[in-house]
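In case you want the letters, here they are:
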Amino acid sequence: MAKPEISAFRPTRSLSLYYEQSLRKIARNIGDITNAMGSAPQTDPQPLIDVLNRYANTLEPWAESIAQRMVADAERSNSRQWKAYAATMGRELRHEIENTDTGKAMQDLMNYQVTLIKSLPLEAAKRVQRIASESLITGARFDELRDELMKTGEVTKSRATLIARTETSRASAILTQVRAQAAGSPGYIWRSHHDARTRPSHHKMNGKFVAWDDPPTLDGLTGHAGCVPNCRCFQLVQF
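Along each chain, the written sequence defines residue order, and numbers are assigned to residues from 1. Confidence filtering applies because this is a predicted model: local features only for residues at pLDDT of at least 70, side-chain atom pairs given and counted only at 80 or more, and all residues used for totals across whole chains, interfaces and linings. To get the side-chain values, all heavy atoms of the structure are used, and hydrogens and water are removed first.

> Sorry, what's going on with helix H2 (residues 46–58) here?
At 3.6 residues per turn, the α-helix brings residues three or four places apart onto the same side. Working definition: helices are DSSP H or I runs of at least four residues, strands are E runs of at least two. Numbering for both runs from the N terminus. In this analysis, the expected span of each helix is defined as 1.5 Å times one less than the number of residues it contains. For H2, with 13 residues, the first-to-last C-alpha span of 18 Å sits near the 18 Å given by 1.5 Å per residue. Every buried residue belonging to H2 is among Leu48, Ile49, Leu52, Tyr55 and Ala56, and all of these are buried. Each buried residue of H2 lies within a common arc of 120° when the element is viewed along its axis, so the set occupies one face. Along H2, exposed side chains directed more than 90 degrees from the buried face belong to Arg54, Asn57 and Thr58. To sort residues, take the accessible area from a 1.4 Å probe on protein chains only and compare it with the maximum for the residue type: under 20% means buried, over 50% means exposed, and anything in between is partly exposed. Throughout, the arc means that of the directions going from the helix axis to the C-beta atoms.

> Even after reading the chapter, I still don't get the packing of helix H3 (residues 60–86) against helix H5 (residues 103–138), so can you show me in this structure?
Every axis corresponds to a line fitted to the C-alpha atoms, with the helix fit spanning only the stretch in contact, and the corresponding angles, defined between N-to-C directions, vary from 0 to 180 degrees. Across the interface, H3 lies against H5 with an axial gap of 8 Å and an inter-helix angle of 135°. On the basis of their axis angle, the class for H3 and H5 is oblique. Here the hand of the crossing between H3 and H5 comes out right-handed. Residues Glu60, Trp62, Ala63, Glu64, Ala67, Gln68, Met70, Val71, Ala72 and Glu75 of H3 form the contact with H5, whose own contacting residues are Met106, Leu109, Met110, Gln113, Val114, Ile117 and Lys118. Residue composition of the contact of H3 with H5, grouped by class: 11 nonpolar, two polar and four charged. Note that the term roughly parallel is reserved for angles under 35 degrees, roughly antiparallel for angles over 145, roughly perpendicular for angles of 65 to 115, and oblique for everything else. Should the near helix be turned anticlockwise from the far one by less than a right angle, the crossing is termed left-handed; should it be turned clockwise, right-handed. Throughout, a residue-residue contact means that at least one pair of heavy atoms, one from each residue, lies within 4.5 Å. The nonpolar class holds Ala, Val, Leu, Ile, Met, Phe, Trp, Tyr, Cys and Pro. Asp, Glu, Lys and Arg form the charged class, and all remaining residues, Gly among them, are polar.

> Help me out: how do you make sense of the side chain of His202 in this one?
Here His202 lies in helix H8 (residues 200–205). Residues in contact with His202, not counting those within four places in the same chain, are Trp190, Ser192, Leu218, Asp219, Val228, Cys231 and Cys233.

> Would you explain the pairing of strand E1 (residues 187–191) in this entry?
In summary, the side chains of a regular strand alternate between the two faces of the sheet. Burial runs high along E1: five of the five residues are buried. In this scheme, strands are said to pair when DSSP sees at least two bridges between them. Looking at chain direction, E1 and strand E2 (residues 209–211) are connected through three bridges and run antiparallel. Residue pairing across strands places Tyr188 opposite Val210, the latter belonging to E2. Pairing of E1 with strand E5 (residues 234–238), which is carried by five bridges, proceeds in the antiparallel orientation. What sits directly across from Trp190, in E5, is Gln235.

> I would appreciate a short explanation of helix H7 (residues 152–182) in the present structure.
Compared with the 45 Å implied by 1.5 Å per residue over 31 residues, the 44 Å span of H7 between its first and last C-alpha is a close match. One or two steps after H7, the chain reaches Gly184, where phi turns positive at roughly 95°.

> Just checking my understanding: could you explain the layout of surface pockets for this structure?
The rolling of a water-molecule-sized probe over the atoms marks out the regions of remaining empty space. Cavities and pockets are found on a 1 Å grid laid over the protein atoms alone: a cavity is a set of points where a 1.4 Å probe fits but cannot escape, a pocket is an open set with protein on both sides within 12 Å along at least five of seven lines, and a lining residue has an atom within 4 Å of such a point. Grid points are joined across faces, edges and corners, and a volume is the space filled by probe spheres set on the points. In this structure, the second largest pocket occupies an estimated 160 Å³ of space. Residue lining of the second largest pocket: Tyr112, Leu116, Arg159, Leu162, Ile163, Thr166, Glu167, Arg170, Cys227 and Pro229, and that is the complete set. Those elements that provide at least two residues to the lining of the second largest pocket are H5 and H7. Considering each element in turn, the lining of the second largest pocket owes the most residues, six residues, to H7.

> Where do I start with the sheet that holds E2 in this structure?
Strands belonging to one sheet form pairs held by backbone hydrogen bonds; the direction of such a pair is parallel or antiparallel. The strand order across the open sheet formed by three strands is E2-E1-E5, and the pairing between neighbours is antiparallel. Two strands lie at the open edges of the sheet, namely E2 and E5, each paired on one side alone. Taken over all neighbouring pairs, the strand axes of this sheet differ in orientation by 40° on average, direction set aside.

> Would you mind going over the pattern of salt bridges with me for this structure?
Where side chains of opposite charge bring their charged atoms close, a pairing between them can arise. When a carboxyl oxygen of Asp or Glu is within 4 Å of a side-chain nitrogen of Lys or Arg, the pair counts as a salt bridge. Considering all chains together, one arrives at 13 salt bridges under this definition. The partner of Arg24 in a salt bridge is Glu20, with the nearest N and O atoms 3.2 Å apart. Placement of the pair is Arg24 and Glu20 together in helix H1 (residues 13–38), with a separation of four residues, close to one helical turn. Using a relative accessible area of 26% as the deciding quantity, one classes Arg24 as partly exposed. When the shortest N-O distance is used, the salt bridge between Arg127 and Glu148 registers 2.8 Å. You can see Arg127 sitting in helix H5 and its partner Glu148 sitting in helix H6 (residues 146–149), a full 21 residues away along the chain. When salt bridges that share partners are traced, they join Glu20, Arg24 and Arg165 into one network.

Structure, rendered in structure tokens:
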């Protein structure tokens, strides 16, 4: 019996949307902080930088909770997809897939998400510092660069969106890889979308076999399908 293409081995839109909405809350908070503290004329950016750095530290418990939910949801979704696929396999292979230990992969994913979430205010603080440094170079007053400063919230929002979309896709791809390798899979067929949003290098990968231990480097980024920023490609697991 021929096995169908498992186009379902991708994150659900609801998973990506939930994580994106969660991270955008941080961007809004950063925007509020920046707007409140950056609106008054001043020459010293350090108070704003200090507040943003402190915000990063207070985020950890919330970040752990949000990251845990995202990774757990990704694991449940991936497990359901594998069970549907495993129905076309032999009993031993099906048992191997359904009993694969994904604990370490999930913990690694969660820890990395916490780091990324906390990086949002830290990067905002670095941006403020950069604007202040530019004011010294150009001779402009720090408050004279207010328009640029006020964009910090929007810049963070874009970064939050990128993280959410990339990381939900990466979580799904990594969990797929863990289960596939546990069952003896040597690799997968790269599948890409046929639309204008697909990068030429990723479009060229469509239909090619990729070994799990040899991820390709495309446009200077090394990673499997679905594992690099803004990659919507997915994996057709091979046995």
